Amino acid sequence: MHKLLAGQSGRKMFLLGNEAIARGAVEAGLAVGAAYPGTPSSEISNNLFEMSRESDLYFEFSVNEKVSMEVAAAAASSGLRSMTMMKHVGLNVAADPLLTLAYVGVKGGMVVVSADDPQMFSSQNEQDNRYYGKLAGIPVLEPSSVEEAKDMVRYAFELSEQVGEPVLFRTTTRINHSTGVVTLGDVQPVKTRGEFVKEPSRWVPLPVNARNLHVRLLKNLEEAKNISETSPYNFTEGSGAWGIICNGVSYNYVRDGVADLGIEGRVKILRIGFSHPLPEKMIQSFLAGCERVLVVEEGEPFMEEAVKVFAQEAGLTLPIKGKAPGLLSRLYEFDPAMVRQAVATFFGVSHAPVRPMDLSDVPEIPQRPPNLCAGCSHRASFYIVKKAAEGMDAIYPNDIGCYTLGILPPLSMADYLLCMGSSLGAGCGFSKATDKKIISFIGDSTFFHSGLPGLVNAIFNNHNMTLVILDNGTTAMTGLQPNPGVDMSRLNLSGYGHVSIEDAVRGVGAPFVTTIQPLKVAKSIEAVKEALQFKGVSVVISREICSLYAKALKLDTKRVFRISAKCIGHRNCIDELGCPAFFLKDGKAQIDPGLCTGCAVCAQICPENAIIPVKD
Amino acid sequence: MNTTRLIIVAVGGQGNLLASSILGEAALLSNIPVRMSEIHGMAQRGGVVESAMLFGDGASTVISDGEADVLVGFEPSETLRALKKCNKDTVVVTNLAPLPPFTVAIGRGVYPDLAKLQELIRAKTKKLIAVDALELAKQAGSTLAVNMVLLGATMQTGKIPVSPENVKEAIRTKVKKAFVDINLTAFELGFAAALAERS
Ligand code: SF4
């Protein structure tokens, strides 16, 4: 049995934040979950997916976040408890349904988990999604620890039902990927069948209805504000004339910093866990008891600006600061020393910061950027396209997935990227704005997520571009989740359909479609050359299983390769492929048998045929 | 209870996430408050992966520069890179088996000299325990057991408020059955090698 289902109430477990969130949802009797995976949210969906096979929970990997939001919305409008979870930028994709969902509201509790990524460990931006709560007019909850996350997510369902609105549960990487000791609670039974009561004036936001629904939303927001004023998730601790208002993980750094500085008796802390609508009266009375107040929050000055407005309304003129030079930044994540220093500076506490170690005599250490795995089929695809396009002046719009790592030398095959699916839309734009050859790359999962509309656009507007779909049979970057093109029988799962990429591409009328096997290098180069000559939209589907996935499925049975005495040191293998299984020993190329997957791409490009299989 | 701050740095795929979760389970068994944070996602594709573990009082789950009590490096150049996390009282454990990053092979950087690297770490910190974890893992029966060797060595720093018995118990519960023996042997070998290093 799944460990999150087996755990009895009262048991203590050492859980990842995302596991705690999944458990909290299960404890709340979650009936329907839907998600598109994205770091740092992915383990929530992975765990729910696994648990759904052993319980009454329904969970699906939806094609993108917008669809997952709609799936969850319909379940909640039918009275079931539902949840969707996504990385912060995923909420941009799902923003369209969310903003009107706030108008029509929900019946069963619905929780939208946004996993923000300050510092951009695995993301293209560090947007602060609390603003989505404000924009949509729905409650926002923010936990400060793994343990609190579990309990708070449970509460989020109740709050959602109480207010009749979805609740935005906003986490950051340091909650999602922190691990802590969690005490399990009891699991509520799942109500699995909902009832949708037709009421077009409520569920169909025609303008005439929407005008009333906006009134309804503002009323609900007012109620949420009243709940926030007395919420146990907004609390004050300590005493003194100095005030600190903080949220999320910043609260931990504040607590530790206050203790380290030995100023416990002088500081009051207001921890905000219910951050939209903010508890205006509570904050005003907190301010009234303070001489000066520091607002500690990662990201944007979301609370700070509101706190200043509340102070003005209450006629309070004390100094309130947060994001300011020499204090706290809007950039990146915080850490304990940073917050300790800001607290010391703002309140004028003398404090000797830890002096950074003198590392001036340490030699420069070679960089270790993440890299495509040894044997990754994307490496072969990039090499093939590069060879086929030799002599062409090409722009390579890339997309989101492992293959974004094609940006690294020696491949250097990523010129432009915005978001999921942008390789297509941007490819269309470049084809009109420049005279260059446009070759876009997109993975299978990303293609289904948001590549299809761009392809339809390219075909309709007759853009001149080549699209290379890198189909490795899984959603690799986020941890091997299925997508509509995946063969579910490989996972021993039945009851799923299958969408063929060829059928989809031909079905929307792509005039040139070819499929290659990228581990057959020479043949693939010829096929890609032909695609590149085509005037109009040509599509190359490059199909080979992800090597990490193959390993997980125990399909990695190929013989590994070694470099024989025939090697005379051209180094094409190293200089053109950049496979991490290669290393140099006394200036000569060698292959690490522990990393080699036997893809044989290097063997095909070695001019001396010096790379040969290891005999058993 | 005082806070002990441990940083583990490794290369994606070296099994540091398993090592840290075993240590966390062991702390839970010992009734020691424990929190940790890690980086998942893109870095796991052969980049640098860091776990921060905090035992004892406090609320934070990350460790600022200069504030680690113990640094464990699964790869020598990564141990050196993480030196900014240390201060003069930090105890450092490092693997001596290099995994040169690919940038070295394509001529974008030079791998640091191992003797010089150890000398530098020794000079700047309280103590360095250096073991060839790859060799010991091979002795234990699997090159994949590097993480357990280093876990064993870490227990010799005398800084981790968890008993070796509880770590072994956690290995038995967290590791797949078929690998438990190899992992326990690897742990013992690391534990013994670090003891020899220490004295
Ligand atoms: S996980 Fe798969 S797709 Fe990603 S880099 Fe590794 S082999 Fe390539």
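The structure presented is a predicted model; accordingly, all values stated were derived computationally and were not measured.

Please clarify how the overall build of chain B should be interpreted in this entry.
The helix and strand tally for chain B stands at eight helices and six strands. N-terminal to C-terminal, the α/β element order of chain B is β-α-β-β-β-α-β-α-α-β-α-α-α-α. Within chain B, buried positions represent 61% of all 199 residues. Long-range contacts, defined as pairs at least 24 residues apart, comprise 66% of the intrachain contacts of chain B with a sequence gap of at least 6. Accessible area of chain B: about 7,300 Å², with a carbon and sulfur share of 53%. Considering chain B, the positive charge centre built from 21 side chains and the negative charge centre built from 19 side chains are found 2 Å apart.

So what exactly am I meant to see when it comes to the overall build of chain A here?
Each helix and strand counted, chain A has 23 helices and 23 strands in total. Burial status across chain A gives 59% buried among its 616 residues. Within chain A, contacts between residues separated by at least 24 positions form 79% of all contacts whose residues are at least 6 apart in sequence. Summed over all atoms, the accessible surface of chain A reaches about 24,500 Å², with 53% contributed by carbon and sulfur. Counting 59 positive and 64 negative side-chain charges, chain A places the centres of these two groups 3 Å from one another.

What's the story with helix 16 (residues 377-388) of chain A in this structure? I'm lost.
A turn of α-helix holds 3.6 residues, and therefore any two residues three or four places apart point the same way. With 12 residues, helix 16 of chain A should cover 16 Å at 1.5 Å per step; its first-to-last C-alpha distance of 17 Å lies within 8% of that length. Within helix 16 of chain A, 10 of the 12 residues are buried, which leaves it mostly tucked inside the rest of the structure.

Would you explain the nonpolar core in this entry?
One recurring pattern in soluble globular proteins: nonpolar side chains tend to sit buried together. Membership of the largest hydrophobic core comes to 152 residues, with the highest contact counts inside it found for Leu48, Met83, Phe169, Ile244, Phe582 and Ile611 of chain A. With nine residues, the top contributor of residues to this core is helix 8 (residues 146-163) of chain A. Phe169 of chain A has contacts with Ile21, Val111, Val112, Val113, Ser114, Leu141, Pro143, Ala149, Met152, Val153 and Ala156 of chain A, leaving out every residue within four places of it along the chain. Core analysis: the second largest hydrophobic core is formed by 44 residues, Ala26, Ala145, Ala153 and Val180 of chain B among them.

Would you mind going over the side chain of Ser250 of chain A with me for this structure?
Residues and elements named next belong to chain A. Relative to the helices and strands, Ser250 is located in helix 12 (residues 248-261). Given the relative accessible area of 1%, Ser250 is considered buried. In this structure Ser250 touches Val296, Glu297, Glu298 and Phe334, once residues within four positions along its chain are discounted.

Quick question: what am I supposed to make of the sheet that holds strand 16 (residues 437-443) of chain A here?
Each strand in a sheet pairs with its neighbour through backbone hydrogen bonds, running either in the same direction (parallel) or in the opposite one (antiparallel). Residue and element names in this part refer to chain A. The five strands lie next to each other as 15-16-17-19-18, forming an open sheet whose pairing is parallel. Two strands bound the open sheet, and with one partner strand each, they are strand 15 (394-395) and strand 18 (512-516). For strand 17 (residues 465-471) and strand 19 (residues 537-543), the ladder comprises seven bridges, and the chain directions are parallel. The residue of strand 19 that forms the bridge with Leu467 is Val539.

It is not clear to me how the site of the ligand should be interpreted in this structure. Could you clarify?
All residues in the neighbourhood of the ligand are listed as Leu372, Cys373, Cys376, His378, Cys402, Asn472, Ala476, Cys546, Ser547 and Leu548 of chain A together with Arg45 of chain B. Residues lining the ligand come from chains A and B. Along the lines of polarity and charge, the residues of the shell around the ligand split into seven nonpolar, three polar and one charged.

Would you mind going over the interface of chain B and chain A with me for this structure?
Listed as interface residues are 56 residues of chain B and, on the opposing side, 53 residues of chain A. Summing both partners gives a buried area of about 4,500 Å² for chain B against chain A, and 62% of it is carried by carbon and sulfur. The largest contributions to the chain B side of the interface with chain A come from Met42, Arg45 and Phe102 of chain B, which together make up 18% of the buried area. Counting across the chain B and chain A interface gives four salt bridges. Viewed at the interface, chain A and chain B are joined by 20 residue pairs in polar contact (both at pLDDT 80 or more). Across the side of chain B that touches chain A, the residue classes tally to 24 nonpolar, 18 polar and 14 charged. Relative to strand 2 (residues 34-38) of chain B, strand 8 (residues 178-183) of chain A is paired through three bridges, and the arrangement is antiparallel. When the sheet's bridge partners are listed, Ser178 of chain A is paired in strand 2 of chain B with Ser37 of chain B.

Quick question: what am I supposed to make of the pairing of strand 10 (residues 242-247) of chain A here?
Residues in a regular strand project their side chains so that they alternate between the two faces of the sheet. Residue and element names in this part refer to chain A. In terms of residue burial, strand 10 counts as a mostly covered element, since six of its six residues are buried. Here strand 10 shows no split at all, with Trp242, Ile244 and Cys246 on one side and Gly243, Ile245 and Asn247 on the other all buried. The pairing of strand 10 with strand 11 (residues 267-272) spans six bridges and is classified as parallel. The residue bridging Ile245 from the neighbouring strand is Leu270, located in strand 11. Following the backbone out of strand 10, through helix 12 and into the adjacent parallel strand 11, one traces a crossover that is right-handed. Direction of pairing for strand 10 relative to strand 13 (residues 292-296): parallel, over a ladder of five bridges. When the sheet's bridge partners are listed, Ile244 is paired in strand 13 with Leu294.

It is not clear to me how the pattern of salt bridges should be interpreted in this structure. Could you clarify?
Pairing between side chains becomes possible if they bear opposite charge and their charged atoms approach one another. All names here are of chain A. Counted according to the given criterion, the structure contains 35 salt bridges over all chains. Between Glu304 and Lys308 there is a salt bridge, with the nearest N and O atoms lying 2.8 Å from each other. Remark: Lys308 and Glu304 occur in helix 14 (residues 302-313); sequence separation between them is four residues, near one turn of the helix. According to the relative accessible area criterion, Lys308 is partly exposed, its value standing at 37%. Measuring nitrogen to oxygen at the nearest pair gives 2.9 Å for the salt bridge that ties Glu502 to Arg543. Of this pair, Glu502 sits in helix 19 (residues 501-507) while Arg543 sits in strand 19, placing them 41 residues apart in sequence.

Where do I start with the packing of helix 12 of chain A against helix 15 (residues 336-347) of chain A in this structure?
Think of two packed helices as two axes; the pair is described by the angle between the axes and how far apart they sit. Residues and elements named next belong to chain A. In the contact formed by helix 12 and helix 15, the axes pass within 8 Å of each other and the chain directions differ by 60 degrees. The orientation of helix 12 relative to helix 15 falls into the category oblique. At the point where helix 12 passes helix 15, the crossing takes the right-handed sense. Contacts between helix 12 and helix 15 involve Tyr253, Val254, Gly257, Asp260 and Leu261 from the former and Pro336, Val339, Arg340, Val343 and Ala344 from the latter. Partitioning the contact of helix 12 with helix 15 into residue classes produces seven nonpolar, one polar and two charged.

Analysis parameters
- Residues numbered from 1 in each chain as written.
- Chains lettered and ligands numbered in written order.
- Predicted model: local features only at pLDDT ≥ 70, side-chain atom pairs only at ≥ 80, totals over all residues.
- Heavy atoms only, no water.
- Helix = DSSP H or I, 4+ residues; strand = E, 2+ residues; numbered from the N terminus.
- Buried < 20%, exposed > 50% of the residue type's maximum accessible area, 1.4 Å probe, protein only.
- Contact = heavy atoms within 4.5 Å.
- Areas by Shrake-Rupley, 256 points an atom, 1.4 Å probe, with all protein chains shown as cover.
- Lys, Arg positive; Asp, Glu negative; His and termini not counted.
- Charge placed at Lys NZ, Arg CZ, Asp CG, Glu CD.
- Expected span 1.5 Å × (residues − 1).
- Core = buried A, V, L, I, M, F, W, Y, C linked by side-chain atoms within 4.5 Å.
- Pairing = 2+ DSSP bridges.
- Near = heavy atom within 4 Å.
- Nonpolar A, V, L, I, M, F, W, Y, C, P; charged D, E, K, R; others polar.
- Buried area = accessible area lost by both parts, 1.4 Å probe.
- Salt bridge = Lys/Arg side-chain N within 4 Å of Asp/Glu carboxyl O.
- Polar contact = N/O pair within 3.5 Å; in protein donor to acceptor, adjacent residues only side chain to side chain.
- Right-handed = clockwise from strand over helix to strand, strands pointing away.
- Axes fitted to C-alpha atoms, helices over the stretch in contact; angles between N-to-C directions.
- Parallel < 35°, antiparallel > 145°, perpendicular 65-115°, else oblique.
- Left-handed = near helix turned anticlockwise from the far one by under 90°.

Keep in mind these numbers describe shape, not what the thing actually does.
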